[in-house]
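The lines below spell out each chain.
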Amino acid sequence: MTYLGYVVAAYAVFVALLVVDVIGSRLRLRRALRDAGQRQQRADARRRAATQPPSLELER
Amino acid sequence: MIAPGTEPGLWQTARALAARDLQLVWRRRGDALQPVLFAVLVVVLFALAMGRDPQRLAGSAVAVLWLAVLLAGQLALDSLFRADAEDGSLEQWLLAPVPLAWLVLVRITMHWLTTAVPLIVASPLLAEMLHLPHDQLPMLLASLLLGTPLLSLIGGLVAALTVGIRRSGILVALLSLPLYVPVLVFGAGSVAASARDQDPYGALLMLGAGLVLALVLAPLATAAAIRLSLN
Amino acid sequence: MQSIVRWFHLLGSPPVFDRFARRGSRLFYLAALPVLALGLWQALFVVPADYQQGDSFRILFVHVPSAWMSLFVFALMALYAAIALVWKIKVCEVLAMACAPIGAGFTLVTLLTGSIWGRPMWGTWWDWDPRLTTELILLFLYFGVIGLYMAIEERRSAARAAGLLAIVGVALLPVIRYSVDWWGSLHQGQTIRLFGPTTLDASMQLPLWLMVIGTKLWFAGSLLAKARADNLQREAGKDWVQRALGEAP
C-alpha cells in the first residue's frame with residue numbers, strides 16, 4: 001500500500017501551520033503599527049485644530 | 001459599621017445567605033423547576049430521535065440521563081452570580097468580614113440544593129421513560145449524588161469568570177465542557193461499568209476524591225475569579 | 001549575574017520588551033529554519049521505512065513534536081498567567097495570551113496528522129483513541145481561553161481571567177487525561193492501537209529531536225512576534241510607541 005499521499009498530506013498540514021502562523025503574526029504586527037500611526041495622526045490633527053483661533057462663523 | 005467583637009462568624013453568615021437564597025428561590029419557585037423541565041425535554045427529544053425500541057433506549061439511557069442533567073445544570077449556572085452582580089450585591093461580598101470563598105461555597109451549595117437536587121429526585125422518572133434497567137438505578141443515583149456537586153463547583157468557577165460578559169451562554173458551555181469531562185466520564189462510566197458487571201467503585205471513588213478536592217479548591221479559585229471579574 | 005537579573009527585570013517594561021521582541025523573534029525564526037529543514041529532510045529521505053508500518057510512520061516526525069508542543073505551550077501559558085496574576089506584570093499577561101493561538105495551532109496539527117496517520121492504520125479518519133480524544137479536549141480548552149480573552153473588553157482583566165482559566169486547565173489536564181484513558185480502557189477486548197513504534201530505534205531519534213528543537217525555536221519566534229503586536233496595540237497611546245513608529249517593522 002502506498003502511503004505517499006498520506007505522508008505528503010501530513011507534512012503539508014504541518015508546513016501550512018507554520019506558514020499561516022508567520023503570516024498571521026506579520027498581519028497582526030502591521031495592523032498594530034497602522035492603528036498606532038492613525039492614532040498619532042488623529043492626535044496631531046486635534047493639536048493643530050486646538051492651536052487655531054476659534055472661528056466666529058457658524059459652520060453647517 | 002460593625003462593632004469590633006460582634007462581627008458575624010462563618011455560620012451566622014452562612015445561615016443568613018442561605019435564608020436569603022431560599023427566600024429568593026421561593027418567590028420564584030416556578031423558575032426553580034426549569035432545569036427539571038429542560039431535562040425532561042432532552043429525554044423526550046432523545047426518545048423521539050432514537051425511536052421507540054425499548055432495547056435501544058435502555059442501551060443509551062445512562063448517557064442520555066447524565067447528559068440531560070449536565071446540560072440542565074449548565075443552563076442553570078447563569079442564575080448563580082448574575083443577579084447579584086447586576087444589583088451590586090456581589091461587590092458587597094468583597095467587603096464582607098468573612099472570606100469570599102466561604103460565601104461562594106454557601107451560594108454554590110444553595111444553588112445545588114435548588115437546581116440539582118430536583119433533577120436527582122426526578123431522575124428515576126426520567127430513567128423509567130428511557131427503560132433503564134431497575135438494577136442500574138441505585139448506581140445512577142449514587143453517581144449523580146457525587147457528580148452534580150462537582151458540576152456545580154466547577155460550573156461556579158466558569159460562571160464567576162463570565163459574570164461580567166453579556167450574552168455569555170455559549171461561552172459558558174465552551175469553557176465548562178472540557179472541565180466537565182472527567183465528571184461525565186466517571187459518572188456515566190460507573191453506571192456503565194456496573195451494567196457490565198465490572199467494578200464501578202473505582203470510578204465512584206474518583207468522583208468522591210474529586211468532590212473533596214473541589215470543595216476546598218473550587219471556592220478559592222471562584223473567589224479569585226469574582227475579584228478579577230469585578231475589577 | 002546582577003546584570004542578567006537587571007536585564008530580566010527591564011524586559012518587563014513594554015518599550016524594552018518591544019525592542020527585544022523585534023530582534024528576538026527574527027533570530028529565533030532564522031535559527032528554526034535550518035533545524036526544521038534538516039529535520040524534515042532526515043525524516044522524509046534518510047531514515048529507513050518501518051518494517052511494520054512502511055512509510056506512513058514518517059508522519060510520526062510531525063505528529064509527535066506537534067503533540068509535545070501543544071502540551072508544552074499550554075503549560076507555559078499557564079506559567080506566564082500565574083506570574084501575571086501574582087506579580088501583575090503586563091508583559092507576562094501579553095506573553096500568556098500570545099501563547100494561546102500558537103498552542104491551538106499545534107493542537108490542530110496534532111489532530112489532523114493523527115487523523116491522517118490513522119486512516120491507513122485503522123481504516124477510518126477518526127477513532128476515539130484516548131490520546132487523540134484528550135488532544136481534542138485540549139483544543140477546546142485553548143478555544144475557551146482565546147474565547148474568554150476576546151469576550152472581555154478591558155484587556156488587562158481579560159488577560160487575567162483567561163489566565164486563571166489556563167491555570168485551572170493545566171491543573172485539570174492530567175485528571176482529564178487519566179479519565180479519558182480510563183474511559184478508553186472500559187471497552188477492553190480490542191487490539192492495542194499501533195500509533196508509532198513503542199521504542200525508537202537510534203536512527204529515528206535524530207530527526208525527532210531535530211523536529212522537537214526546531215518547533216520550539218519556531219514557537220519562540222512566533223511568541224515574541226505575537227506578543228510584540230499585542231504589546232504595541234495595548235500601549236498605542238504612549239510616547240514610546242510614537243517614537244518606535246518611525247522604525248521599520
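Residues numbered from 1 in each chain as written. Chains lettered and ligands numbered in written order. Predicted model: local features only at pLDDT ≥ 70, side-chain atom pairs only at ≥ 80, totals over all residues.

Caption draft 1: Local environment of the overall build of chain B. Helix and strand counts for chain B come out as 10 helices and 0 strands. Against the compact-globule benchmark of 17 Å for 231 residues, chain B has a radius of gyration of 19 Å, which places it among compact chains. If you line up chain B on its principal axes, its C-alpha atoms span 65 × 35 × 30 Å. Residues counted as buried form 44% of the 231 residues belonging to chain B. Taking contacts inside chain B between residues at least 6 apart in sequence as the whole, the part at least 24 apart equals 81%. (Helix = DSSP H or I, 4+ residues; strand = E, 2+ residues; numbered from the N terminus. Rg over C-alpha atoms; globule rule 2.2 N^0.38 Å. Buried ≥ 20, exposed ≤ 12 C-beta atoms within 10 Å, placed from the backbone. Contact = placed C-beta atoms within 7 Å.)

Caption draft 2: Up close: unusual backbone geometry. Residues and elements named next belong to chain B. Even without being glycine, H131 reaches a positive phi, approximately 60°. Tracing the backbone through its elements, the reader meets H131 in the loop between helix 7 (100–129) and helix 8 (137–161). The class for H131 is partly exposed, based on 16 C-beta atoms found within 10 Å. Even without a glycine there, the phi angle at D197 is positive, about 60°. With respect to the helices and strands, D197 occurs in the loop between helix 9 (169–195) and helix 10 (201–230). By C-beta crowding, D197 is classed as exposed, having 7 other C-beta atoms within 10 Å.

Caption draft 3: Geometry of the environment of A244(C). Tracing the backbone shows A244(C) in helix 8 (residues 239–245). Distance in space between the C-alpha atoms of A244(C) and A84(C) is 25 Å, their sequence separation being 160 residues.

Caption draft 4: Seen up close, helix 5 (residues 78–87) of chain B. Residues and elements named next belong to chain B. Buried residues of helix 5: S79, L80 and F81, and no others. Check the buried side of helix 5 and you find it contacts helix 4 (54–76), helix 6 (89–94), helix 7 and helix 8. G88 lies just past helix 5 and shows a positive phi near 90°.

Caption draft 5: Molecular detail of the nonpolar core. The biggest cluster of nonpolar side chains holds 156 residues, and the ones touching the most others in it are L65(B), M77(C), A96(C) and C99(C). By residue number, the principal contributor to this core is helix 4 (residues 90–122) of chain C, which donates 17 residues. Leaving out residues up to four positions away in the same chain, A96(C) has contacts with M77(C), Y80(C), A81(C), A84(C), A159(C), G163(C) and A166(C). (Core = buried A, V, L, I, M, F, W, Y, C linked by C-beta atoms within 7 Å.)

Caption draft 6: Representation of the interface of chain B and chain C within the structure. Facing the 24 residues of chain B at the interface are 23 residues of chain C. Put simply, the parts of the chain that give the side of chain B that touches chain C at least two residues each are helix 8, helix 9 and helix 10 of chain B. Residues belonging to the side of chain B that touches chain C are distributed by class as follows: 19 nonpolar, 5 polar and no charged. (Nonpolar A, V, L, I, M, F, W, Y, C, P; charged D, E, K, R; others polar.)

Caption draft 7: Inspection of helix 4 of chain C at higher detail. The first and last C-alpha atoms of helix 4 of chain C sit 47 Å apart over 33 residues, in line with the 48 Å expected at 1.5 Å per residue. Among the residues trailing helix 4 of chain C, G123(C) stands out with phi positive, at a value near 90°. (Expected span 1.5 Å × (residues − 1).)

Caption draft 8: Expanded view of the interface of chain C and chain A. Between chain C and chain A, the residue contacts involve 30 residues of the former and 23 residues of the latter. Secondary structure elements with two or more residues in the side of chain C that touches chain A: helix 3 (60–87), helix 4, helix 7 (202–234) and helix 8 of chain C. Here the side of chain C that touches chain A takes 9 residues from helix 4 of chain C, the largest share from any one element.

Caption draft 9: Structural view of the environment of L38(C). All names here are of chain C. Along the chain, L38 turns up in helix 2 (residues 14–46). Taking the C-beta count within 10 Å as the criterion, L38 has 16 such neighbours and is therefore assigned partly exposed. Separated by 89 residues in the primary sequence, L38 and D127 have C-alpha atoms spaced 32 Å apart.

Caption draft 10: Local environment of the arrangement of the chains. Inter-chain contacts occur across 2 pairs of chains; the most extensive set of contacts lies between chains A and C. Of all C-alpha pairs spanning chain A and chain B, none lies closer than 24 Å, and the two are not in contact.

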